[in-house]
Amino acid sequence: MKKQKWVSVLLIGLLLILAACSGKNAQPNASSETPAAGGSSSEAPSKEDVTIRMAWWGGQARHDMMNSLLDKFEEKYPHITVEREFGTENQFVEKLNTQAAGGNAPDVVQTSSFFLHDFVARNIHMDLDPLVASGDLNVSDFSEADVNGGKVDGKLYMISFGHNITGVIHNTTLFEKAGVPLPKNNWTWDDYFNTAQQLQKYLGKDAWASEDEGGTYRGFDMFLMQRGKSMFNGKALGFEKQDLVDWFSFWDKMRKAGVVPPAAIQAEQGDKPQEQSMLARGKVAMISKSSNQLKIFQKSTEDKLSIVSYPLNPSGEKVFPLIIAGAGISPDSKHPKEAALLLNFIVNESDAATIFRGEHGPQASKKMQDVILSNLGEPEKIEYKFVDDMLPITKPYPAMPAGSTSVQKLVLTENQAVAFGQKTIEQAADDFISQAQQILNR
Amino acid sequence: MALANRYQKILLHTLIIAGVVIMLYPILWMLSSSLKPSELIFTDNSLWPKKVTMDHYIKGWAGISKTTFTTYYLNSITLVAIAIIGNVVSCSLAAYAFARLEFKAKKLMFGLMLMTMMIPLHVLVIPQYIMFNKLDWMNTILPIVVPKFFATEGFFVFLTVQFIRSLPRELDQAATVDGCGPFRIYTKVILPLIVPAIVTTTIFTFIWTWNDFFSQLLYLTGQEKLTVTLALRIFLDAMGESALGSLFAMSFLSIVPVFLMFMFFQRFIVEGIATSGIK
Amino acid sequence: MLHKAQAILYLKGVRMMRRVLTRRRGEGLIPYLFLAPWLIGVLAFSAIPIFTSLYLSFTNYNFIGTPNWIGLRNYLTMFTDDPQYLQSLKVTFMYVFVAVPLELAFALGLALLLNRGIGGLGTYRSLYYIPSLIGGSVAIAILWRQVFGAEGIVNQTLGVFGFDMPSWIGTPGYAVWALILLKVWQFGSPMIIFLAGLKQIPSDFYEASSLDGAGRWKQFAHITLPMLTPILLFNAIMQMISSFQAFTPAYIISEGTGGPVNSTLFYTLYLYQNGFGNFQMGYASSMAWVLFIIIGVFTWLAFKASDRWVHYDN
């Protein structure tokens, strides 16, 4: 008993010390940090020097672009310094979650349709409507799809940097060698299957028409959307068991026809980097990916690549989810005006557009698209055309509840269980539903 | 007899070398890939590159926009050096108390020390982060190095305890008789005898701190603060464009300082002063 | 011999002196001075986070708002309604109890081999240590998939001998073995600790036994092994603790999905998926505390059993 008392006294004492330290430190640091960080600040004495933090994810190419873009911004607004935090997507999410829980989220945070609802729920993004109303943010040149895609419950939270649509990236060189006609937008699931079979005759044993995508939740989500449903409905599942059975069955048919790699080969792929992907190595002819990935895959292969819409259900809804990459502002930000200035710079100024070159897909503002259109490369031209063609039949990405990450992973796991012959399709679908519900209700 | 011995020796060396080759195959593959042009990395499977290029090293070293690997190396080395000092001093002090001194609740405290190692780090991260944020230690190396001065890595305390416990007790008893107090025994008797443990602590602190990705990720955010380990991960992103060649090149280079450090220090383990110290 | 007799004599005196000394006020504080850094460290950096996580384990904390107390629900869900959790337990136990003994045997064998007076040993030791230097870096992930992939060097080599193997990375049942081999491959840290332990054994022990005419095996069985037992215990416990918490290896094979078909779903990986993927920090915290108890029990058992085989000089 005595010991416990001592421990708690010590703990409380410690907490007090911590609190006292942080209280003392906060003030001198707040005032000393800003001038130290803003190197070129002395040149612009008229405005108060401000430091804002921006976080994003991506690969090295994107980091280089973002950095030179932010340099340009600092050049133009010498009183603002932008501290940069960047890494891969996993690192970004890991870090941001911790920062947000610790009340230390960056002022400007990259986001996308996949994160938006979650970030809003966890108070990482603020409502941007007041900033739009005050003129700090200008979205008047934006396409309607980009504005709508940035909204949650009717309020704007994300400023679009660009949009893209999941399509089937395919190796046209292989198609030509095989003498198979190239697929066209709005093709059907049957077309997809038949094309795969024709390709397979040429490809033989060591290459496949497509990857086994029965485990990709994005594909399943699109499949559901064509049936007027979606993966989640609030905190519950938004589809019935039969939908999942149909989905697994389609891919089972593909496996049995030998047009996708066997289970073990497919399982080995995971999220391999582009250079190592089967598409880049000519081992498969088609995979479904976001349209802005086309240019990246193209860099890793000599063969010519192109993109076409994801297969459709001829009797179902003709609709695709629009994926937007953008950024939001943290409600904890002490400098929302400066953060808005930065976002405005990225999406509305030609200097920024020239540097960023549609990294996240075609920009929200047509004006900015026109700035770079003339010097786009061949893959980007294909990408822009595809996205423009499909844009009219898109709708915003459906919301995802907490726990969705694990449910998405379940699609992969259960599809693998079927592919390895560990479960029947019925069993896999049953297990999926019960486990998904358990995860969502936890 | 001598001849047989010689054959035995040759056989032994052959075996050891064969083992080395098998063990090092993946590393050699990485080295060879780092020298191949990008398009050949996964198509040319031979260990001997058909075409050799230094591009990946040049591009890789250039790092990310303004900062190069020179900065990352300096950051990593600073971090590691401070961590080593912290661990060596604080862990050997605590270990001496656990191994040789008598005090109340010793067993309980020793158990407590082991227990702090048994909780998965991931659930402690957020409270720790909040704490360090309150202390205003963000974007500094303090959250990583300061705890090292307080023997928070139980591994090294336990390691040193085990080493001290295997030393003959007569030694410190003799020293006590000669009038040495616990502090003199610690510095004059124990420390010289546990050099292998100290060197082991140094080596492991070096490697683990160097490679400790998670805490570096959380606490070091600014570009000028990046370490080698953090920078390496930035080369690879599944969603964006990755740079495998540079990744391999820089990963290979990142082993070099750790390897040199190891080459240098392992002698101290091997020559073990302990062998001659005990009479 | 003389030294020993003297020491024993002194010893008696010392014990008496110590009794006198500790009775004086203040003397009892000395151990705490040595322990002070550690004590402060535990209180400042570990205690608060540890108790926070214990508290969270009884809540449904999800990073939003305040945690709600839900009693033992997380703990019950785990064992009654979460097949993935039970799978993660299975994978982890298998990993710990296969990989750790293999790794230790390998490390001890090589430490003994590399501790002998052959030329070039320093170089060999360093070369064998290289794999352990890279830790869990990203490059390792790519390398390992290359080595154990369907057409990797391992399968190519086995193919020469007529074995037709599937992809180690992509096949449930094989994948975890690729990770066990990875652990064995990175056997450097226990090897170094064994080496350091071997060097700690006073050479006069060997000299004395050589005079007695003991052979190499006898020396190993009667001197080396007993003298090494504290280090063996240390290595076994530390490797066990770290293997129970194995996290990065799973990233190497499956980018953190735990696939194929959850066959590499390690305990901490699943914990992480729940905590940072699903934001179910309450659930993740209760998983952490169950793991804590599991590790604690095994460590306690190891210590209990060690009374029988670990030799301390006192």
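Residues numbered from 1 in each chain as written. Chains lettered and ligands numbered in written order. Predicted model: local features only at pLDDT ≥ 70, side-chain atom pairs only at ≥ 80, totals over all residues. Heavy atoms only, no water.

Things to note about the overall build of chain C
Then, in step 1: The number of helices and strands found in chain C is 14 helices and zero strands.
Then, in step 2: Contacts in chain C between residues far apart in sequence, at least 24 positions, make up 66% of those at least 6 positions apart.
Then, in step 3: Of the roughly 13,300 Å² that chain C leaves accessible, carbon and sulfur atoms contribute 66%. (Helix = DSSP H or I, 4+ residues; strand = E, 2+ residues; numbered from the N terminus. Contact = heavy atoms within 4.5 Å. Areas by Shrake-Rupley, 256 points an atom, 1.4 Å probe, with all protein chains shown as cover.)

Things to note about the overall build of chain A
Then, in step 1: A tally of helices and strands in chain A yields 18 helices and 14 strands.
Then, in step 2: In chain A, buried positions account for 60% of the 442 residues. (Buried < 20%, exposed > 50% of the residue type's maximum accessible area, 1.4 Å probe, protein only.)

Notes on the packing of helix H9 (residues 217-225) of chain A against helix H10 (residues 241-256) of chain A
All names here are of chain A.
Then, in step 1: Running from N to C, H9 and H10 cross one another at 120 degrees; their axes reach a closest spacing of 11 Å. Considering their axes alone, H9 and H10 lie oblique with respect to each other. H10 is crossed by H9, and the crossing has right-handed handedness. In this structure, H9 contributes Gly219, Phe220, Phe223 and Leu224 to the contact, and H10 contributes Asp243, Leu244, Asp246 and Trp247.
Then, in step 2: Split by residue class, the contact of H9 with H10 holds five nonpolar, one polar and two charged. (Axes fitted to C-alpha atoms, helices over the stretch in contact; angles between N-to-C directions. Parallel < 35°, antiparallel > 145°, perpendicular 65-115°, else oblique. Left-handed = near helix turned anticlockwise from the far one by under 90°. Nonpolar A, V, L, I, M, F, W, Y, C, P; charged D, E, K, R; others polar.)

Some words on the environment of Glu75(A)
Residue and element names in this part refer to chain A.
Then, in step 1: Counting through the fold element by element, Glu75 comes out in helix H2 (residues 60-76).
Then, in step 2: You can call Glu75 exposed: its relative accessible area is 62%.
Then, in step 3: For Glu75 and Lys318, which are 243 residues apart along the polypeptide, the C-alpha to C-alpha distance reads 46 Å.

Notes on the confidence of the model for chain C
Residues and elements named next belong to chain C.
Then, in step 1: Of the residues in chain C, 89% have a pLDDT of 70 or more, and the chain-wide mean is 84.
Then, in step 2: For chain C, helix H1 (residues 2-23) is the element with the lowest average pLDDT, namely 51, and helix H4 (residues 83-113) is the one with the highest, namely 94.
Then, in step 3: In the model output, the complex is listed with pTM 0.86 alongside ipTM 0.84. (pLDDT = per-residue confidence, 0-100.)

A word on the pattern of salt bridges
Then, in step 1: Counting across every chain of the model gives 28 salt bridges over all chains.
Then, in step 2: As a salt-bridge pair, Glu103(C) and Lys183(C) come within 3.4 Å of each other at their nearest N and O atoms. In this pair, Glu103(C) is assigned in helix H4 and Lys183(C) in helix H8 (residues 175-185), connecting sequence segments 80 residues apart. The same class applies to Glu103(C) and to Lys183(C), which are both buried.
Then, in step 3: Connected through salt bridges with shared partners, the residues Arg227(A), Lys229(A), Glu240(A), Asp243(A) and Asp246(A) form a single ionic network. (Salt bridge = Lys/Arg side-chain N within 4 Å of Asp/Glu carboxyl O.)

Some details on the packing of aromatic side chains
Then, in step 1: Taken as a whole and assessed by the stated rule, the structure comprises 81 aromatic pairs over all chains.
Then, in step 2: Ring pairing ties together the aromatic residues Phe98(B), Phe103(B), Phe110(B), Phe155(B), Phe156(B), Phe158(B), Phe204(B), Trp208(B), Tyr32(C), Trp38(C), Phe234(C) and Phe303(C), which thus form one cluster.
Then, in step 3: Above the face of the Phe279(C) ring, Arg122(A) is positioned so that its terminal group lies 3.6 Å from the ring centre.
Then, in step 4: Taking NZ or CZ as reference, Arg233(B) lies 3.9 Å from the ring centre of Phe213(B), over its face. (Phe/Tyr/Trp six-rings, centres within 6.5 Å; stacked < 30°, edge-to-face > 60°. Lys NZ or Arg CZ within 6 Å of the ring centre and 35° of its normal.)

Quick look at the interface of chain A and chain C
It is common to give the size of an interface as the accessible area lost on bringing the parts into contact.
Then, in step 1: Across the boundary between the two partners, chain A contributes 42 residues, which contact 44 residues of chain C.
Then, in step 2: For the pairing of chain A and chain C, the buried interface totals around 3,300 Å² over both sides, and the portion due to carbon and sulfur atoms is 58%.
Then, in step 3: The largest contributions to the chain A side of the interface with chain C come from Glu268(A), Lys409(A) and Arg442(A), which together make up 21% of the buried area.
Then, in step 4: The partner of Glu151(C) in a salt bridge is Lys283(A), and the shortest N-O contact between them spans 4.0 Å. (Buried area = accessible area lost by both parts, 1.4 Å probe.)

Digging into a nonpolar patch on the surface
Then, in step 1: On the surface, Ile293(C), Val297(C), Trp300(C) and Leu301(C) cluster together into a nonpolar patch covering about 410 Å² of accessible area.
Then, in step 2: Tracing the backbone shows Val297(C) in helix H14 (residues 281-309). (Patch = residues over 30% accessible without salt bridge, like charges linked within 9 Å, V, L, I, M, F, W, Y side chains within 5 Å.)

What to know about the domain arrangement of chain A
Residues and elements named next belong to chain A.
Then, in step 1: Partitioning chain A into structural domains gives domain 1 (41-163 + 323-387) and domain 2 (166-321 + 396-441).
Then, in step 2: Averaged C-alpha coordinates put domain 1 and domain 2 at centres separated by 30 Å.
Then, in step 3: Contact with domain 1, which involves 17 residues of that partner, is made by 23 residues of domain 2.
Then, in step 4: Carbon and sulfur atoms make up 66% of the surface buried where domain 1 meets domain 2, a total of about 1,600 Å² over both sides.
Then, in step 5: Looking only at domain 1, the three residues that lose the most surface to domain 2 are Phe114, Ile323 and Phe386, adding up to 41% of its buried area.
Then, in step 6: At the boundary of domain 1 with domain 2, the tally comes to one salt bridge. (Domains from an automatic or database assignment.)

A look at the confidence of the model for chain A
Residue and element names in this part refer to chain A.
Then, in step 1: Mean pLDDT over chain A works out to 87, with 89% of the residues at or above the 70 mark.
Then, in step 2: Highest mean pLDDT in chain A belongs to H10 (97); lowest belongs to helix H1 (residues 2-37) (40).
Then, in step 3: Low pLDDT, under 50, characterises residues 1-45; the stretch is placed with 32 contacts to residues that sit more than four places away or in other chains.

Let's talk about the sheet that holds strand S7 (residues 166-171) of chain A
Residue and element names in this part refer to chain A.
Then, in step 1: Across the sheet, which stays open at both edges, the four strands sit in the order S8-S11-S7-S12 with mixed pairing between neighbours. The sheet is open, and its two borders are formed by strand S8 (208-210) and strand S12 (305-309), each paired with just one other strand. Between one strand axis and the next, the sheet turns through 30 degrees on average, direction left out of account.
Then, in step 2: Taken strand by strand, helix H16 (residues 378-390) contacts S7 and S12, and its axis lies near 5 degrees from that of S12. (Pairing = 2+ DSSP bridges.)

Focus: unusual backbone geometry
Then, in step 1: We note that Asn123(A) has phi near 65 degrees; this positive angle belongs to a residue other than glycine.
Then, in step 2: Along the chain, Asn123(A) falls in the loop between helix H4 (113-121) and helix H5 (129-133).
Then, in step 3: Phi is positive for Asn139(B), close to 60 degrees, though the residue is something other than glycine.
Then, in step 4: Relative to the helices and strands, Asn139(B) resides in the loop between helix H5 (125-134) and helix H6 (142-145).
Then, in step 5: By relative accessible area, Asn139(B) is classed as buried at 14%.

Side note on the interface of chain B and chain C
Then, in step 1: Tallying the contact residues gives 99 residues for chain B and 94 residues for chain C.
Then, in step 2: Counting the surface lost from both chain B and chain C, the interface buries some 9,100 Å², and carbon and sulfur atoms represent 79% of this.
Then, in step 3: Taken as a group, Met23(B), Met118(B) and His122(B) account for 8% of the area that chain B buries against chain C, more than any other trio of residues on that side.
Then, in step 4: Run the count over chain B and chain C and you get zero salt bridges.
Then, in step 5: Our enumeration of links across chain B and chain C arrives at ten residue pairs in polar contact (both at pLDDT 80 or more).
Then, in step 6: Sorting elements by how many residues they give to the side of chain B that touches chain C places helix H1 (residues 2-35) of chain B first, with 15 residues. (Polar contact = N/O pair within 3.5 Å; in protein donor to acceptor, adjacent residues only side chain to side chain.)

Some details on the nonpolar core
Then, in step 1: Core analysis: the biggest nonpolar cluster contains 236 residues, and Met54(A), Phe98(B) and Met191(C) have the highest contact counts within it.
Then, in step 2: Setting aside residues up to four positions removed in sequence, Met191(C) forms contacts with Ala107(C), Leu110(C), Ala111(C), Leu114(C), Arg125(C), Tyr128(C) and Tyr129(C). (Core = buried A, V, L, I, M, F, W, Y, C linked by side-chain atoms within 4.5 Å.)

A word on the packing of helix H4 (residues 106-116) of chain B against helix H2 (residues 30-56) of chain C
Then, in step 1: Between H4(B) and H2(C), the shortest axis-to-axis distance is 11 Å and the interhelical angle comes to 45 degrees. Our classification of the angle between H4(B) and H2(C) gives oblique. Helix-helix and strand crossings are classified by hand; for H4(B) and H2(C) the assignment is left-handed. Residues Met109(B), Leu112(B), Met113(B) and Thr116(B) of H4(B) form the contact with H2(C), whose participating residues are Tyr32(C), Leu35(C), Trp38(C), Leu39(C), Val42(C), Ser46(C) and Ile50(C).
Then, in step 2: Of the residues assigned to the contact of H4(B) with H2(C), the class counts are nine nonpolar, two polar and no charged.

Overview of the side chain of Arg145(C)
Then, in step 1: By the element assignment, Arg145(C) lies in helix H6 (residues 138-148).
Then, in step 2: With near-sequence residues (within four places) excluded, Arg145(C) lies in contact with Gln269(A), Lys272(A), Ile169(C), Tyr251(C), Ile252(C), Ile253(C) and Glu255(C).

Focus on the pairing of strand S2 (residues 80-87) of chain A
Residue and element names in this part refer to chain A.
Then, in step 1: Burial within S2 is extensive, with seven of its eight residues counted as buried.
Then, in step 2: Pairing between strand S1 (residues 50-57) and S2: eight bridges, direction parallel. Each bridged residue has a counterpart across the sheet, and for Thr51 the counterpart in S2 is Thr81.
Then, in step 3: Handedness of the S1-H2-S2 crossover: right-handed. (Right-handed = clockwise from strand over helix to strand, strands pointing away.)

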